[in-house]
Amino acid sequence: MTERPPALRGGSAGPLLWRWAAMAAAPVLPLHLRLRARRGKEVPGRLGERRGEGAARPPGRLLWLHAASVGETLSVIPLLEALAARAPDLTLLVTTGTVTGAQALAQRLPGALGGRLLHRFVPLDVPRWVGRFLDGWRPDLAVLVESELWPNLIAAARARGVPLALVNARFSARSARRWRLAPGFARRLLAGFRLVTAQSAADAARLRAAGAAQVLTPGNLKDAAPPLPADAAALAALRAAIGGRPVFLAASTQPGEEALVGAAHPLLAAAHPGLLTVIVPRHPDRGAAIAAALAPLFVAPPGPPGGLVAVPPVARRAAGLLPGPATAIYVADTLGELGLFYRLAQACLVGGSLVPHGGQNPREPARLGCPILLGPHTQNFEEPVARLLEAGGALRVPPDPAALAAAADTVLSDSGRARAMAQAAAAALAAEAGLPDRIAGLLVELLPVAGPAGPDGPRDAAEPTAAAGRG
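Residues numbered from 1 in each chain as written. Predicted model: local features only at pLDDT ≥ 70, side-chain atom pairs only at ≥ 80, totals over all residues. Heavy atoms only, no water.

Draft legend 1. Structural context of the pattern of salt bridges. In this structure the tally under the stated criterion is 18 salt bridges. Note that Glu53 is salt-bridged to Arg51, the shortest N-O span being 3.5 Å. Residue Arg86 pairs with Asp437 through a salt bridge whose shortest N-O separation is 3.1 Å. With a gap of 351 residues between them, Arg86 in helix H3 (residues 70–86) and Asp437 in helix H18 (residues 435–444) connect regions that are remote in the sequence. Arg86 gets classed as partly exposed once you look at its relative accessible area, which sits at 42%. The class of Asp437 is partly exposed, set by a relative accessible area of 35%. (Salt bridge = Lys/Arg side-chain N within 4 Å of Asp/Glu carboxyl O. Helix = DSSP H or I, 4+ residues; strand = E, 2+ residues; numbered from the N terminus. Buried < 20%, exposed > 50% of the residue type's maximum accessible area, 1.4 Å probe, protein only.)

Draft legend 2. View of a positive patch on the surface. Together, Arg174, Arg177, Arg178 and Arg180 line one region of the surface with positive charge. Inspection of the secondary structure puts Arg178 in helix H7 (residues 173–179). When its relative accessible area of 52% is taken as the criterion, Arg178 is described as exposed. (Patch = residues over 30% accessible without salt bridge, like charges linked within 9 Å, V, L, I, M, F, W, Y side chains within 5 Å. Areas by Shrake-Rupley, 256 points an atom, 1.4 Å probe, with all protein chains shown as cover. Lys, Arg positive; Asp, Glu negative; His and termini not counted. Charge placed at Lys NZ, Arg CZ, Asp CG, Glu CD.)

Draft legend 3. Representation of the sheet that holds strand S7 (residues 215–216) in the model. Pairing in this open sheet of seven strands is parallel, and the strands run S3-S2-S1-S4-S5-S6-S7 from one edge to the other. Of all the strands in the sheet, just strand S3 (117–121) and S7 have a single pairing partner and so form its edges. Examined bridge by bridge, strand S4 (residues 141–145) and strand S5 (residues 164–169) share four bridges and lie parallel to one another. Looking at S5, one finds that Ala142 is bridged to Leu164. This element, helix H4 (residues 99–108), spans strand S2 (91–96) and S3 of the sheet and lies at about 165° to S3. Running at roughly 140° to S5, helix H6 (residues 151–159) makes contact with strand S1 (62–67), S4 and S5 of the sheet. (Pairing = 2+ DSSP bridges. Contact = heavy atoms within 4.5 Å. Axes fitted to C-alpha atoms, helices over the stretch in contact; angles between N-to-C directions.)

Draft legend 4. Highlighting the nonpolar core. In terms of nonpolar packing, the biggest core is built from 68 residues, with Leu79, Phe341 and Leu443 touching the most fellow members. The leading source of residues in this core is H3, at eight residues. In this structure, Leu443 is in contact with Leu79, Leu83, Leu141, Val143, Ala165, Val167 and Leu195, ignoring residues within four places of it in sequence. Counting 32 residues, the second-largest nonpolar core is a separate cluster that includes Ile154, Leu164, Ala169 and Ala212. (Core = buried A, V, L, I, M, F, W, Y, C linked by side-chain atoms within 4.5 Å.)

Draft legend 5. Quick look at the side chain of Thr197. With respect to the helices and strands, Thr197 occurs in strand S6 (residues 195–198). Apart from the residues within four sequence positions on either side, Thr197 is in contact with Leu166, Val167, Asn168, Ala169, Leu216, Pro218, Ile439 and Leu442.

Draft legend 6. Spatial organisation of the state of the cysteines. Across all of its chains, the model carries zero disulfides by this definition. In this model Cys348 remains outside any disulfide bridge; the closest cysteine sulfur is found in Cys370, 3.8 Å from its own. Cys370 gets classed as buried once you look at its relative accessible area, which sits at 2%. (Disulfide = S-S within 2.5 Å.)

Draft legend 7. Highlighting the packing of aromatic side chains. With the rule as written, the count across this model stands at three aromatic pairs. Taking 5.5 Å as the distance between ring centres and 80° as the angle between the ring planes, the aromatic pair formed by Trp179 and Phe185 counts as edge-to-face. With relative accessibility at 21%, the residue Trp179 sits in the partly exposed group. (Phe/Tyr/Trp six-rings, centres within 6.5 Å; stacked < 30°, edge-to-face > 60°.)

Draft legend 8. Highlighting the pairing of S3. With four of five residues buried, S3 lies mostly within the body of the structure. When S2 meets S3, the two strands line up parallel, connected through five bridges. Bridged to Val94 within S3 is His119. Each parallel crossover has a hand, and the one from S2 via H4 to S3 is right-handed. (Right-handed = clockwise from strand over helix to strand, strands pointing away.)

Draft legend 9. Local environment of H18. Taken across its 10 residues, H18 has seven buried, putting it largely inside the fold. All of the buried residues in H18 are Leu435, Pro436, Ile439, Ala440, Gly441, Leu442 and Leu443. Contacts made by the buried residues of H18 are with H3, S4, S5, S6 and S7.

Draft legend 10. Inspection of helix H8 (residues 183–190) at higher detail. H8 sits mainly inside the fold: six of its eight residues count as buried. Residues of H8 that are buried include every one of Gly184, Phe185, Ala186, Arg188, Leu189 and Leu190, and no others.

Draft legend 11. Quick peek at the pairing of strand S9 (residues 276–281). For S9, a buried count of six out of six residues is recorded, marking the element as mostly surrounded by other parts of the structure. Every second residue of S9 is oriented toward a common face, with Leu276, Val278 and Val280 on one face and Thr277, Ile279 and Pro281 on the other, all of them buried. Bridging between strand S8 (residues 247–253) and S9 involves six bridges; their strand directions are parallel. The residue of S9 that forms the bridge with Phe248 is Thr277. Note on the crossover from S8 through helix H11 (residues 257–271) to S9: the handedness is right-handed.

Here's what the structure looks like:
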């Protein structure tokens, strides 16, 4: 009888049930992937990577880092740079679970890393597929980001002797409550990591209670991420199109929020003539539906003489339009351009917070000096939101159009207050410049001294020190 991997020993039914469920689902997952590819959520020519195929391991040491999607990917780019600087011979294999994560990596990847970094899509958590991936790439160290706790992948890595680290770990109170329903499963999963760095002391405490042994709290990598980029030509074109109009931004919105923002626009425009409201949906493929839903709220003015077609009151960036003089709502339904609009707006609502989604990242506008409004649902970013509110760097607003308009008006009407909010937010979330390098140092300690992993797995490396701090 084949021996079970170490992560599955000990009598807990949870790991075995997960393993069997994944094996049972495997025959239908290729169809699921093809359907996702038709919706643009997978790359058709790279579906094999989701089955663990496509390994092309170069010689030398290889560190594999997995980040789920855009936010996680952007947060680790400074870490990747620090790893490359500390270990010049190291190849970096980065996997993402989403197409948008892959695109963000390609857009933001520093040129100096181009020849040393490889990207693949992570295999789905099917035992045979994760085994194929690990056997093909033979990583000397596997680094998972935030909350990417995939049981079969972790068990397969441990069975092959691959050291595991979990960096910038996020373990919410809600996740902790769920894992308490299967405490043995959680302990076996978290015991597999030689190193865990947590985003906060609260995350660290919950991780230790769930079974993680080596948990450090050096800080949050998202605090050290660089500001979102902006294409200079695109920024100049938008500034010319907008002119001196006031701009209110609803960033990374979720379903249900656009209607509230659309209803708030005329209330705010009454106090700020010429107001342009920009809506950047979290998922750009919703742009057409958002524009269609909002268009009936705004009457298009008569067309200009000569038969030319004016830009409508609700215009979409994905349709190639810039905001015109009559544009009230500009739906910026493109990918990777949020940095443009944080630079253009005089106030912003961070989306995902007016509806029970948990909120999007408030650090992004803080780094670019854009005054921040937040709805009541911000549990995804509990600690930075608390710091922002305590410092006076953000305002809470209820999910009500009149209240949203009133809060935005307090910022748009008082440039001094807006400036003070922006300064307070930047100070509250000041990036800790040396954090990526300190975490890179901890990870390098887990690597073998030199050379690729052998057929029996990578050689042992030292346990990390506590130099980066403990919670």
